[in-house]
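If you want the building blocks of each chain, they are given just below.
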Amino acid sequence: MSLKNRIAPEKRRGSLKKLLEGRGFIRVIEAHSGLSAIVANNIKEQIGNEIFEFDAIWESSLTDSAAKGYPDAEIIGPESRYETIRQILNCSHKPLIVDGDTGGEATNFEYFIRTLEDMGVSMVIIEDKKFPKRNSLEPGSKQTQEDPDIFAVKIERGKKVQLSQDFMIVARIESFISGLGLEDALFRAKKYLQAGVDGILIHSKIDTPVEILKFAKEYQTLSKELGFRKPLICVPTTYNTITERELKEAGFNVVIYANHLLRSAHKIMKETASNILKNQRGFEAESLCSPVKAIFKDVGFLEVKEKDMRYVKGKINVIIPAAGEDPAFSLPKSLIEISGKPILQRQIEALNACGIKDITVIKGYKKELFNIEGVKYVDNNEYDKTHILHSLFKAEEDMVNGFIYINSDIIFNQQIINRLISSKRDIVLVVDNSYAYHKHDIDKKLDLVLTKNKPSSERRIVNLKENEVVRIGKNIDKDMANYEFIGIAYFSENGADIIKKLFYELKNNHRGPFQESHSFEQASFTDFIQEVIDSGFKVNILDTHKGWLEIHDQNDIEIAKEVL
Ligand code: SPV
Ligand code: MG
């Protein structure tokens, strides 16, 4: 079952009739399981500017039986067929055409129709052979056609029990398979159409399309004679050089590729198994297989993983990008010791004290030196080409529940984190305005913040007043700015979704300078926040007064030692 391709049964059921009426020609591919239905449903191919896909799915008796290891001879009962049909319906949103074999005895057929209709199947095709039929493709196999009158009654009874207007019953004519030829086929077609059938499938097992083309020509005349025309269907398994365009020109409305997914899977399965035997290991067979992740992706396992993480109440991750190199130090900043303890260790302890255990550190420069326990490490191997924003997104999967961003060079009071966690806003930056009192002594470039309202005069460690960021960056005039961003930010689940979408939009489309940086690759965290604001999202502040220290140079280490 897939949660991706969902559609209500009544909506799906009617979609085939609409397609046929709207487009006049549709292509259909076989599926025999949930996984093959996912492939049939989702596959797309772009040729020039046009995108091609299958319009509907065929639930084939040949491939349903073969997938279960049975011959195609009406041995598998309806309950087993329903199970496959259910799998296909559960994994797709496209219309489904069911191969009804002979339809069984008329009473059985009536119950079959009602069940298929309720399930959301759009069409059933039954062949005019005697129960139990044999597959039509094997030369020399016994092919006994049903008395056309008995078959016509079966159609009439089927049409009477169906409840909806959009369900279709199609008659498949086997006169070319049984050797009775064109005349018999046309005689039967007329009878079945008069009995109320919704379309005709003309079958053939020879390797040229001559039989079905002859029938198609005569079908036009027959339709004129009857005064109505119902869709014409073919299954070009043996006469496979004819193109869709040629079939359409000949008057066909539906082409069914009836067994290709099962046959291709069978071929590769055998090759893979022999390959493992030949090499006595799995390595060489890998290229014949889909990666496990591709299967996980198609069947929705990755969504299960994401939801498992998302719906853990109260769980919040911290992400610390620590991949960059600072020329002022010979170590990654996280690992610089203050009074015998690395900054990262101090950060972990403060976070643990707030009950936060899920901490992700992104490492890059001298990554082999990171051996502090209690955190998850993620690598940014392009740390010398990209900047902090790209490091942050290496930990994207830890953002799902919302997260706290912390710079790797800051020591903080746990009160800041506690207030941040209880924030009700989507995006919150922790800011401080004490820089204003000694701004003319500061020689480094600060991440300055301009807010909608002026800072509060209250001097508390944390002060969450309604105030929004208008601008952020290093180039804001020190005399204009209201605050300094301290390098800690909070993103709710919604906030994380906002920035994820924006990040990928920019990654795919942005070229040239980005805010205060030369390029998007070089973007800093504050460049990105400015872009968030420019894109119309609200960024709030948590106003803190002291309670934190940023380690910029040797002098800061000395100050930190004193404070601590
Ligand atoms: C099937 O796919 O099961 C069919 C088509 O009935 S054929 O195998 O050609 O008879
Ligand atoms: Mg069949």
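## A look at the packing of aromatic side chains
Think of a pair of aromatic rings as described by two things: how far the centres are apart, and how the planes are tilted against each other in angle.
And step 1. The full count for this structure, using the stated rule, is 18 aromatic pairs.
And step 2. A ring pair is formed by phenylalanine 403 and phenylalanine 491, whose centres lie 4.8 Å apart and whose planes are at 15°; its orientation type is stacked. On the criterion of sequence distance, the pair formed by phenylalanine 403 in strand 16 (residues 403–406) and phenylalanine 491 in strand 22 (residues 483–491) is long-range, its members being 88 residues apart.
And step 3. The class of phenylalanine 491 is buried, set by a relative accessible area of 0%.
And step 4. Among the aromatic residues, those joined into a cluster by ring pairs are Phe393, Phe503, Tyr504, Phe514, Phe520 and Phe528.

## Brief notes about the environment of glutamate 484
And step 1. Of note, glutamate 484 is situated in strand 22.
And step 2. Residue glutamate 484 is classed as buried on the basis of its relative accessible area, which comes to 8%.
And step 3. Distance in space between the C-alpha atoms of glutamate 484 and leucine 429 is 9.9 Å, their sequence separation being 55 residues.
And step 4. With sequence-adjacent residues up to four places away left out, glutamate 484 is seen in contact with Val430, Val431, Asp432, Tyr435, Leu446, Asp447, Leu448, Val449, Trp548 and Glu550.

## Some points on the coordination of the magnesium ion (ligand 2)
And step 1. The protein atoms that coordinate the magnesium ion (ligand 2) are Ser61 (OG) and Asp99 (OD), at distances of 2.0 to 2.1 Å. Here serine 61 is found in helix 3 (residues 61–67), whereas its partner aspartate 99 is found in strand 5 (residues 96–99), with 38 residues between them in sequence. Accessibility assignment for this pair places serine 61 and aspartate 99 in one class, buried.

## Regarding the nonpolar core
And step 1. Among the nonpolar cores identified, the biggest contains 55 residues, and Leu116, Val124, Ile200 and Phe215 are the most heavily contacted of them.
And step 2. The leading source of residues in this core is helix 9 (residues 210–226), at six residues.
And step 3. When sequence neighbours within four positions are dropped, the list of residues in contact with isoleucine 200 reads Val170, Ala171, Ile173, Ala189, Tyr192, Leu193, Phe215, Tyr219, Pro231, Leu232 and Ile233.
And step 4. In terms of nonpolar packing, the next biggest core, distinct from the first, is built from 36 residues, Val378, Phe393, Met399 and Ile499 among them.

## Re the pattern of salt bridges
And step 1. Applying the stated criterion across every chain yields a total of 42 salt bridges.
And step 2. Among the salt bridges present, the one from glutamate 303 reaches lysine 4, with a minimum N-O distance of 3.8 Å. Here the residue glutamate 303 occupies a position in helix 13 (residues 301–310), and lysine 4 occupies one in the segment before helix 1 (9–23), the gap between them amounting to 299 residues.
And step 3. Residue classification places lysine 4 among the partly exposed residues on the basis of a relative accessible area of 42%.
And step 4. Between lysine 44 and glutamate 53 there is a salt bridge, with the nearest N and O atoms lying 3.7 Å from each other.
And step 5. On the accessibility criterion, glutamate 53 (28% relative accessible area) is partly exposed.
And step 6. Linked through salt bridges whose partners overlap, the residues forming this network are Glu59, Asp64, Lys68, Asp72, Arg81, Asp101, Glu127, Lys129, Lys133, Arg172 and Glu174.

## Section: the pairing of strand 10 (residues 254–257)
And step 1. The pairing of strand 1 (residues 26–31) with strand 10 spans four bridges and is classified as parallel. If you follow arginine 27 over to strand 10, its bridge partner there is valine 255.
And step 2. In this view, the connection linking strand 9 (residues 232–234) to its parallel neighbour strand 10 by way of helix 10 (residues 244–249) has right-handed handedness.

## Some remarks on the domain arrangement of the chain
And step 1. Domain annotation for the chain reports domain 1 (3–258), domain 2 (260–307) and domain 3 (308–563).
And step 2. Each of domain 1 and domain 2 has a C-alpha centre, and the two are 30 Å apart.
And step 3. Of the residues lining the interface, 16 residues belong to domain 1; the matching set on domain 2 comes to nine residues.
And step 4. For the pairing of domain 1 and domain 2, the buried interface totals around 1000 Å² over both sides, and the portion due to carbon and sulfur atoms is 71%.
And step 5. When the buried surface of domain 1 facing domain 2 is broken down by residue, Lys4, Leu35 and Ile38 rank first, second and third, together holding 36% of it.
And step 6. One can count one salt bridge joining domain 1 with domain 2.
And step 7. Summed over the shared surface of domain 1 and domain 2, the result is three residue pairs in polar contact (both at pLDDT 80 or more).
And step 8. For the side of domain 1 that touches domain 2, the secondary-structure elements that each account for two or more residues are strand 1, helix 2 (34–42) and helix 3.
And step 9. Of the residues forming the side of domain 1 that touches domain 2, the biggest block, five residues, is contributed by helix 2.
And step 10. Residue composition of the side of domain 1 that touches domain 2, by class: 10 nonpolar, four polar and two charged.

## Description of the site of ligand 1
And step 1. Surveying the vicinity of ligand 1 reveals the residues Trp58, Ser60, Ser61, Leu62, Asp72, Asp99, Asn135, Ser136, Leu137, Arg172, His203 and Ala258.
And step 2. Within the backbone of leucine 62, a nitrogen or oxygen atom sits 2.8 Å from an oxygen atom of ligand 1.
And step 3. Residue aspartate 99 places a side-chain N or O atom 2.8 Å away from an oxygen atom belonging to ligand 1.
And step 4. Burial of ligand 1 by the protein amounts to 100% of the accessible area it has alone, namely 280 Å².

## A short note on the pairing of strand 1
And step 1. Among the six residues that make up strand 1, six are buried, leaving the element largely enclosed by the rest of the structure.
And step 2. Burial of strand 1 is two-sided: the residues Ile26, Val28 and Glu30 facing one way and the residues Arg27, Ile29 and Ala31 facing the other way are all buried.
And step 3. Two elements, strand 1 and strand 4 (residues 56–59), share four bridges in a ladder whose sense is parallel. Residue glutamate 30 lies in a different strand from strand 4, and its bridge partner there is tryptophan 58.

The rules behind the values
Residues numbered from 1 in each chain as written. Chains lettered and ligands numbered in written order. Predicted model: local features only at pLDDT ≥ 70, side-chain atom pairs only at ≥ 80, totals over all residues. Heavy atoms only, no water. Phe/Tyr/Trp six-rings, centres within 6.5 Å; stacked < 30°, edge-to-face > 60°. Helix = DSSP H or I, 4+ residues; strand = E, 2+ residues; numbered from the N terminus. Buried < 20%, exposed > 50% of the residue type's maximum accessible area, 1.4 Å probe, protein only. Contact = heavy atoms within 4.5 Å. Donors = N, O, S within 2.8 Å, 3.2 Å for Na, K, Ca; no water. Core = buried A, V, L, I, M, F, W, Y, C linked by side-chain atoms within 4.5 Å. Salt bridge = Lys/Arg side-chain N within 4 Å of Asp/Glu carboxyl O. Pairing = 2+ DSSP bridges. Right-handed = clockwise from strand over helix to strand, strands pointing away. Domains from an automatic or database assignment. Buried area = accessible area lost by both parts, 1.4 Å probe. Polar contact = N/O pair within 3.5 Å; in protein donor to acceptor, adjacent residues only side chain to side chain. Nonpolar A, V, L, I, M, F, W, Y, C, P; charged D, E, K, R; others polar. Near = heavy atom within 4 Å. Areas by Shrake-Rupley, 256 points an atom, 1.4 Å probe, with all protein chains shown as cover.

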